[in-house]
Amino acid sequence: MAEITASMVKELREKTDAPMMECKKALTEAAGDMDKAEEILRVKLGNKASKAAARVAAEGVVAIHIAADGKTGSIFEINSETDFVAKNDDFLNLAAGCARLVAEKNPADIAALAALPMGDGTVESTRTALVGKIGENMSPRRFARVEAKGKLASYIHGGSKIGVLIDVVGGDEQLAKDLAMHIAASKPKSLDSSGVSAELLDAERRIAIEKAREAGKPEAMLEKIAEGTVQKYLKDVTLLGQVFVKAEDGKQTVEQLLKSKGASVAGFVLYIVGEGIEKKVTDFAAEVAAQAAAAAAAK
C-alpha cells in the first residue's frame, strides 16, 4: 500500500477544500493516486471538491493586441510576484509590447519572443533591466497568435486578470464584444463538445455513476443517468451550449444567439492570470522558528 504523507494530504486539501480526514481517506482508497482521490471526493462532496482547483494563485496581467484590420491578433500572459508590480506602468508597457510583437513577428515560443528587438535591446534585456529596477522577478508565461477567419474582438476584465480574444464570423461589433464578455464571465473550456477531451468526459461519467450508485439508483439506470450528467456538463463547459449571460429570457444559448444573428464563432482564447499555477504561501511564524532552530543548532 502506498504511503500517504502529510504533504499529499495537504496538496489534495488545497485542490479541493475538503476536510483533512476526508482527503486522507480518499488518498488511502486511491492508493496515493491524486487524480483518483479527487474523483472520490467529488463523488462524496459534489462539485464543492473541485472549486478550489480553479482559484487563481499567481499575479500578473494578460495583454491583447489586435491589428487595425481586425484580422491578426495576440493574447499574452506575464506573471509577477506581487499584485503591486502587476499595476506598475513599466510592467504593463512590457506586457503590451510583447503582445504587439507576438502579433507582428509571430515568434515560435517564449524563447523566440525573448530574443526579439525591443527598445535599445531585446525583450529579454528589457525584462532583465526592469527586474533590476523594481527588484521583483517577472516571467513571460504564454501567448497565442490568431489569424481570423472573420474579425477579432477582445475583452479584458478585472485589472487585466482575465483576457479573451475571439474570432467572430458575421454579426456586428456589439455581438462580438458581448460574446467576449460572456466568455470572461462563464469561462467555457471549448467552443463545442469536440474540444472537450475524452478523458475529462470519462471522469465525469465515472463520478456520475458512483454518485448514482451511492444514492441507491438501480444498476440498469446508471449508464442513462451518467449520460444525462455528461450532456449537462457539456452544456455548462462549451461556449455554444452555455446560456448567454445577457439572455433576456434566461434560456437563450450562445448557439441560438449566433443563429439569430447569422453569425458563428471560429474560435476563442481565454487566459486567466495564474491559471494552473500554485503560489507559494509563506508561513512567516514557521519560517522564523525554523531560522531560530537552525541558528541554535549551529552554536
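Data block above holds the structure.
Okay, so let's go over this structure. As the structure is a prediction and not an experimental result, all values here were calculated from the model.

**Topic: the overall build of the chain**
- When helices and strands are tallied, the chain shows 13 helices and eight strands.
- Of all 299 residues assigned to the chain, the portion counted as buried reaches 39%.
- Restricting to contacts in the chain with at least 6 residues of sequence separation, those with at least 24 account for 62%.

**Let's talk about the nonpolar core**
- Counting residues in hydrophobic clusters, the biggest one holds 23 residues, and the most contacted among them are Ile166, Leu179, Ile183, Val254, Leu258 and Leu270.
- Secondary structure elements with two or more residues in this core: β7 (162-169), α9 (173-186), α12 (254-261) and β8 (264-272).
- A per-element tally of this core places α9 first, with six residues.
- Ignoring anything within four residues of it in the chain, the contact list for Leu258 reads Leu175, Leu179, Leu240, Ala263, Ser264 and Val265.
- Counting residues in hydrophobic clusters, the runner-up holds 20 residues, among them Val61, Leu94, Cys98 and Val123.

**Structural notes on the environment of Ile64**
- As for its placement among the helices and strands, Ile64 is situated in strand β1 (residues 59-66).
- Apart from residues lying up to four places away in sequence, Ile64 is in contact with Ser74, Ile75, Ala99, Ser154, Tyr155, Ile156, Gly163, Val164 and Leu165.

Rules of the game
- Residues numbered from 1 in each chain as written.
- Predicted model: local features only at pLDDT ≥ 70, side-chain atom pairs only at ≥ 80, totals over all residues.
- Heavy atoms only, no water.
- Helix = DSSP H or I, 4+ residues; strand = E, 2+ residues; numbered from the N terminus.
- Buried < 20%, exposed > 50% of the residue type's maximum accessible area, 1.4 Å probe, protein only.
- Contact = heavy atoms within 4.5 Å.
- Core = buried A, V, L, I, M, F, W, Y, C linked by side-chain atoms within 4.5 Å.

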